[in-house]
Amino acid sequence: MKPGRNDPCPCGSGKKYKQCCLQTEGAQQAEDLLWHQISRAIKGLPDKLLTFEKKWRGPETLLEAWDDFTLWGDEEFDPHSPQMQLFMPWFFHNWRLDSPADSGEDPDTRTTGQAFLDHYGKQLEPLLKRYLEQCSTAPFSFYEIVTVRPGDGFVLHDILLDEECYVTERSGSAQAQAGQIIFGKLVKVDHVAILEACAPIFFPPVEKIALLDFRQQLCKLKSPPTPVLLKEHDYEMLAVYHEINNRLLHPRMPKLCNTDGEPVVMQKLIYDIPSAQMAFAALKALCIDSTEDELLAGAKFTAAGELHRIEFPWLKKGNAQHKSWNNTVLGNINIKGHQLTAEVNSDERAQKFQKLIKKLLPEARYKTSVIESPQAMLAHMQDEGQNDQTRQRRKEQEELNNRPEVRETIMEFMHKHYRQWLHEKLPALDGKTPLQAVKTKDGRKKVEALLRDFELRKTDANLPVDPSIFDELRERLGLTNR
């Protein structure tokens with residue numbers, strides 16, 4: 001039963017219904033009504049604008065605009081490209097045809113939308129006319145999703161203009177997550193804001209760092225930046241968008257490094273040895289966290305009681321990059337009969353092991369090295385991922401990770417990792433630690449973007465990370481959790 005105007009508000013605020021949620025509901029109903037009116041008014045508008053453009057300047061302008069939109073790259077025009085949802089509004093409301101300098105004619109610098117308004121303005125219904133006027137003045141920008149109401153809309157923060165606005169968006173909000181970034185054009189009519197254009201993918205929160213750097217460049221021209229300034233630097237903005245979009249859709253092979261910062265090159269060093277026992281006696285000290293008895297507990301012996309096979313890690317104390325680590329695994333040593341194999345993941349570690357074995361076991365005779373590039377290693381891992389044996393191992397690993405005691409251990413490790421992160425100098429923060437970066441306004445925004453990115457990646461990867469660690473980090477950094 002709906003409460004009366006003077007009844008207590010059902011939300012529990014203690015206020016009368018007419019002084020509380022009734023006002024909100026009334027505003028929401030008015031907003032929904034205007035949104036539906038706008039949606040009806042602009043239905044079929046893209047087709048009308050395209051038909052007008054073909055009659056006004058001819059069909060070839062579409063391809064010329066596409067070349068400009070793609071910044072004169074080699075991407076051919078494709079009417080089925082996901083980029084159409086971004087390109088067509090840009091073509092209609094932002095793109096202007098350049099007339100040749102020697103044409104002797106005054107260039108018509110109107111956009112398609114402006115020319116359409118000039119031609120049909122008196123015949124258009126007022127709401128459609130106002131919408132087109134707003135399209136012609138509104139710039140493209142980058143928007144951070146602050147909060148989401150799935151199926152209804154979201155609060156967006158314009159990263160470049162530093163403004164917030166609630167946007168009614170029925171479909172796009174269904175999959176959106178707070179912290180993600182949208183590139184597009186926002187059009188406002190009275191109290192309703194609508195995404196006229198939107199890129200086909202959401203950017204992760206970490207991309208906000210590059211966008212804040214771009215904003216700093218704009219601030220050198222005019223501080224704070226204005227919608228007019230953004231429109232004047234339309235192509236610079238497109239360059240930023242394409243750089244991020246291409247990097248996300250077509251990632252380059254990352255430069256893989258081990259925990260000592262050395263380029264990863266997987267290698268197996270193979271030696272002939274006099275006996276397993278002699279090799280073990282010479283190299284056992286390389287496993288600094290286990291006693292001889294502990295290592296031999298997993299060994300295999302011949303019927304005569306002689307050592308036949310044993311495997312143990314090559315360790316060193318501490319780690320230069322991860323101060324919380326007690327040890328670093330430099331490689332793995334496998335001794336079997338008269339052969340020794342050392343597996344390492346860099347040229348530097350391979351050279352170091354070769355020097356060590358000459359000193360500790362001069363009787364060993366080097367035979368060969370088997371080297372696997374990172375590309376080949378990843379391809380091999382992908383191929384392995386398709387077979388039944390690998391799928392079974394993955395299932396067993398997931399079951400192991402889901403055990404309460406294992407999850408607790410992983411969470412404890414992650415807590416230590418993130419606490420140490422506060423003191424690490426990061427390239428994304430211009431070589432500053434998070435604790436140092438938060439001392440400036442932009443630094444605080446960048447650190448918050450990194451934290452939000454951690455949270456979303458943790459959710460996507462289903463990692464056993466206690467969410468409270470991020471609250472703890474924000475408290476240490478003096479950040480408020482939106």
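To be clear, the structure that these remarks concern was listed above.
Treat the numbers as computed from the prediction; the structure is a model and nothing was measured.

**So, the packing of aromatic side chains**
Under the counting rule described, the total for this entry stands at 27 aromatic pairs. An angle of 40 degrees between the planes, with centres 5.7 Å apart, marks the rings of F91 and W95 as tilted. Residue F91 shares its accessibility class with W95, and that shared class is buried. Note on W421 and F454: the rings are 5.2 Å apart at their centroids and 75 degrees apart in plane angle, and the pair reads as edge-to-face. Residue W421 is found in helix α15 (residues 404–421), and its partner F454 is found in helix α17 (residues 441–461); the two are separated by 33 residues along the sequence. A relative accessible area of 4% places W421 in the buried class. Ring-pair connections join several aromatic residues into one group, and the members of that group are W66, F69, W72, F77, F87, W90, F91, F92, W95 and Y235.

**Section: the environment of E292**
Among the structural elements, E292 can be located in helix α11 (residues 292–296). E292 gets classed as partly exposed once you look at its relative accessible area, which sits at 35%. Residues within four places of E292 in sequence aside, it is in contact with F280 and K284. Of note is the side chain of E292, whose polar atom sits 2.6 Å from the side chain of K284.

**Things to note about the sheet that holds strand β2 (residues 153–158)**
Within the open sheet, the five strands sit side by side as β3-β2-β1-β4-β5. Their pairing is antiparallel. Strands at the two margins of the open sheet, each flanked by one partner only, are β3 (163–168) and β5 (192–198). Across the sheet, the mean angle from the axis of one strand to that of its neighbour is 50 degrees, orientation sign disregarded. Here strand β1 (residues 140–149) runs beside strand β4 (residues 181–189); their pairing, made up of five bridges, is antiparallel. In the sheet register, E144 faces β4, and the bridge partner there is I181.

**What about the pattern of salt bridges?**
Scanning the model with the defined rule gives 23 salt bridges in all. Its salt-bridge partner being D162, residue K445 comes within 3.9 Å of it at the nearest N-O pair. Separated by 283 residues along the polypeptide, K445 in helix α17 and D162 in the loop between β2 and β3 bring together distant segments of the chain. Residue classification places K445 among the buried positions, given a relative accessible area of 15%. Here K316 makes a salt bridge to D260, at a shortest N to O gap of 3.2 Å. Here the residue K316 occupies a position in strand β8 (residues 307–317), and D260 occupies one in the loop between α9 (234–249) and β6 (266–272), the gap between them amounting to 56 residues. Overlapping salt bridges, with partners in common, bring together D260, E262, K316 and R349 in one network.

**What about α9?**
Over its 16 residues, α9 extends 22 Å from the first C-alpha to the last, a length consistent with the 22 Å expected when each residue adds 1.5 Å. If you check which residues of α9 are buried, you get D234, M237, L238, V240, Y241, H242, I244 and N245. Contacts from the buried residues of α9 go to α3 (60–69), α4 (84–93), β1, β4, α7 (208–219) and α8 (227–232).

**Considerations on the pairing of β1**
Burial of β1 is extensive: seven of the 10 residues sit out of reach of the surface. Taken together, the six bridges between β1 and β2 define a ladder with antiparallel strand orientation. Paired with E144 across the bridge in β2 is H157. In textbook terms, the turn of a hairpin is the stretch between consecutive antiparallel strands, and for β1 and β2 this stretch comprises three residues, one of which, G151, has a positive phi near 80 degrees.

**Details of the nonpolar core**
Grouped together as the largest cluster of nonpolar side chains are 54 residues, with contacts concentrated most on I38, F87, F142 and F183. Per element, the largest residue contribution to this core is seven residues, and it comes from α4. In contact with I38, not counting residues within four places along its chain, are L127, Y131, V189, V192 and I194. Membership of the second largest hydrophobic core comes to 28 residues, among which are L269, L283, C287 and L330.

**Things to note about the sheet that holds β6**
Taken in spatial order, the six strands make up an open sheet running β7-β8-β9-β10-β6-β11, and their pairing is antiparallel. The sheet terminates laterally at β7 (300–301) and β11 (365–372), the two strands that pair on one side only. Relative to strand β10 (residues 339–344), strand β9 (residues 327–336) runs antiparallel, the two sharing five bridges. By the bridge assignment for β10, I335 is matched with L340. Helix α10 (residues 276–283) contacts β8, β9 and β10 of the sheet and is inclined by roughly 15 degrees relative to β8.

**Quick word on the packing of helix α2 (residues 45–56) against α4**
In contact at an axis separation of 11 Å, α2 and α4 are set at 55 degrees when each is read in the N-to-C sense. Considered as vectors, α2 and α4 are oriented oblique to each other. Regarding α2 and α4, the two cross each other, and that crossing is left-handed. On the side of α2, the interface is formed by P46, L49, L50 and E53, while α4 contributes M88, F91, F92 and H93. A breakdown of the residues in the contact of α2 with α4 according to their chemical character gives six nonpolar, one polar and one charged.

**Quick look at the pairing of β3**
Here β2 pairs with β3 via six bridges, running antiparallel. Opposite G153, over in β3, you have T168 as the bridge partner. As consecutive antiparallel partners, β2 and β3 are separated by four residues, and within that stretch D162 has a phi angle of approximately 60 degrees, a positive value.

**Section: the packing of α15 against helix α18 (residues 468–477)**
Between α15 and α18, whose axes approach to 10 Å, the crossing angle comes to 20 degrees. For the element pair α15 / α18, the angle class is roughly parallel. Where α15 crosses over α18, the two elements pack in a sense that is right-handed. Contacts from H415, Y418, R419 and W421 in α15 reach S468, I469, F470, E472, L473 and L477 in α18. Taken together, the residues of the contact of α15 with α18 break down into six nonpolar, two polar and two charged.

Conventions adopted
Residues numbered from 1 in each chain as written. Predicted model: local features only at pLDDT ≥ 70, side-chain atom pairs only at ≥ 80, totals over all residues. Heavy atoms only, no water. Phe/Tyr/Trp six-rings, centres within 6.5 Å; stacked < 30°, edge-to-face > 60°. Buried < 20%, exposed > 50% of the residue type's maximum accessible area, 1.4 Å probe, protein only. Helix = DSSP H or I, 4+ residues; strand = E, 2+ residues; numbered from the N terminus. Contact = heavy atoms within 4.5 Å. Polar contact = N/O pair within 3.5 Å; in protein donor to acceptor, adjacent residues only side chain to side chain. Pairing = 2+ DSSP bridges. Axes fitted to C-alpha atoms, helices over the stretch in contact; angles between N-to-C directions. Salt bridge = Lys/Arg side-chain N within 4 Å of Asp/Glu carboxyl O. Expected span 1.5 Å × (residues − 1). Core = buried A, V, L, I, M, F, W, Y, C linked by side-chain atoms within 4.5 Å. Parallel < 35°, antiparallel > 145°, perpendicular 65-115°, else oblique. Left-handed = near helix turned anticlockwise from the far one by under 90°. Nonpolar A, V, L, I, M, F, W, Y, C, P; charged D, E, K, R; others polar.

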